[in-house]
Each structure stands twice: as structure tokens, then as C-alpha cells.
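Structural overview for review
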Amino acid sequence: MDWLEIKEFLKDTAKYIIFIFVVLFIAVYVVGLQQVVGDSMAPTFNNGNILILDKLSYRFKDIQRGDIVALFYDDTKYLIKRVIGLPGERVDFRGSDLYINNRLVTEDYLDENVVTEDFSLTTLGYHVIPENMYFVVGDNRGDSLDSRDAEVGLIPKEDMIGKVRIRLWPINKIGFIK
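Owing to the predicted nature of the structure, the values given are computational and were not obtained by experimental measurement. (Residues numbered from 1 in each chain as written. Predicted model: local features only at pLDDT ≥ 70, side-chain atom pairs only at ≥ 80, totals over all residues. Heavy atoms only, no water.)

**Some details on the pairing of strand β11 (residues 160-169)**
What counts here: Here a strand pair is declared whenever DSSP counts at least two bridges between the two strands. Secondary structure follows DSSP: runs of H or I at least 4 residues long count as helices, runs of E at least 2 residues long count as strands, and numbering of each begins at the N terminus.
In the sheet, strand β2 (residues 50-54) pairs with β11 via 5 bridges, with the strands oriented antiparallel. Considered in β11, the bridge of Leu-51 is made with Arg-167. Looking at chain direction, strand β3 (residues 68-73) and β11 are connected through 3 bridges and run antiparallel. Its bridge partner lying in β11, Val-69 is registered against Lys-163. Examined bridge by bridge, β11 and strand β12 (residues 175-176) share 2 bridges and lie antiparallel to one another. Note on β12: the bridge partner recorded for Ile-166 is Phe-176.

**Notes on the sheet that holds strand β5 (residues 91-94)**
The strand order across the open sheet formed by 4 strands is β7-β6-β5-β8, and the pairing between neighbours is antiparallel. At either margin of the open sheet sits one strand with a lone partner, and together these are β7 (103-105) and β8 (119-120). With 3 bridges joining them, strand β6 (residues 97-100) and β7 adopt antiparallel strand pairing. Bridged to Leu-98 within β7 is Val-105.

Right under this line is the structure:
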């Protein structure tokens, strides 16, 4: 092997190494794949759906009510939930209706027959949601482990993995998430 062949080999190897680092950077910090496990987000998402997450936007923008997020739970588990309560707000469910700061909030993404048990934020020991904490629930309120359960409670912003942007699977439901 002469010097030119070695130089060409090193150039090619460097290209592959750079490509691998770029792919890893994107996978760790920019986007992610998440599979839905369970029916807590039905009918929006069903068991086995595969979602693409945007991991970058919450570094620059605030989390909004209605955002569907993936979050860390219990060290090894992940949950997909909808954000409904923001810092500084009071959350209550009365007669299956959502009230934020004692104002009725319409949840047009829910099936009309969804029943939500009465709940008050004071059940978790809070009058309002503290700074950098969020109240999340599943769209299938009767079958959802979420912020209403003291085991989950309010979710710190740093536990948010990212915002769900695209459903990738099943193929017949592929598309962007609003």
C-alpha cells in the first residue's frame, strides 16, 4: 500500500465516522421513535402505534395545553399523554368536564362518551401547578395512568422527552399530529 491509498482510505473512513456521529446526534437530541403501549390515549393513538417525537422544540418553546408528549416515568418506562395543566393553573374535573382556573375547557379531541371521575388538584396536595411542572392525562380517561394518580402526579419539565409530531404506524393512519 502506498501513501495515496492510505490517504484515500483515511478520507473514506472519516466520512463514515462523521456520518455515524451525525446520525447518533439526531437520534439522541433531535428526533426519536416511540411505540404506544396500552390504550390510555385511545382513540387518538392505539396500542402498537409508532410515533416520531420532536425532542428539540421544548428547548426553545414552551409546552402548550393540548400538546401530546412522551415522558419518562418510573426510570424505565415511558408514557404518552396530553398536557392539560400548565404552571400556575388550577385543574379540576367536575361531572366529566375539565375546568382550568374554574373556567370550563372544551376538549374536542375526546370521544363524546368519555367519562372522567371528579378530581381536584388538591388531591395531590397542590392548589396550583408549581413552576416547571405539568398536569398530563390520557385521552382514554377510564384506562389511563396519569397525573390524577398520586403515583404519577405532576410531571417536571425535564421529564418530558419530546412532543409527538408524526404517527408512523399503522400505515393507513400515517400523518402529522396537530
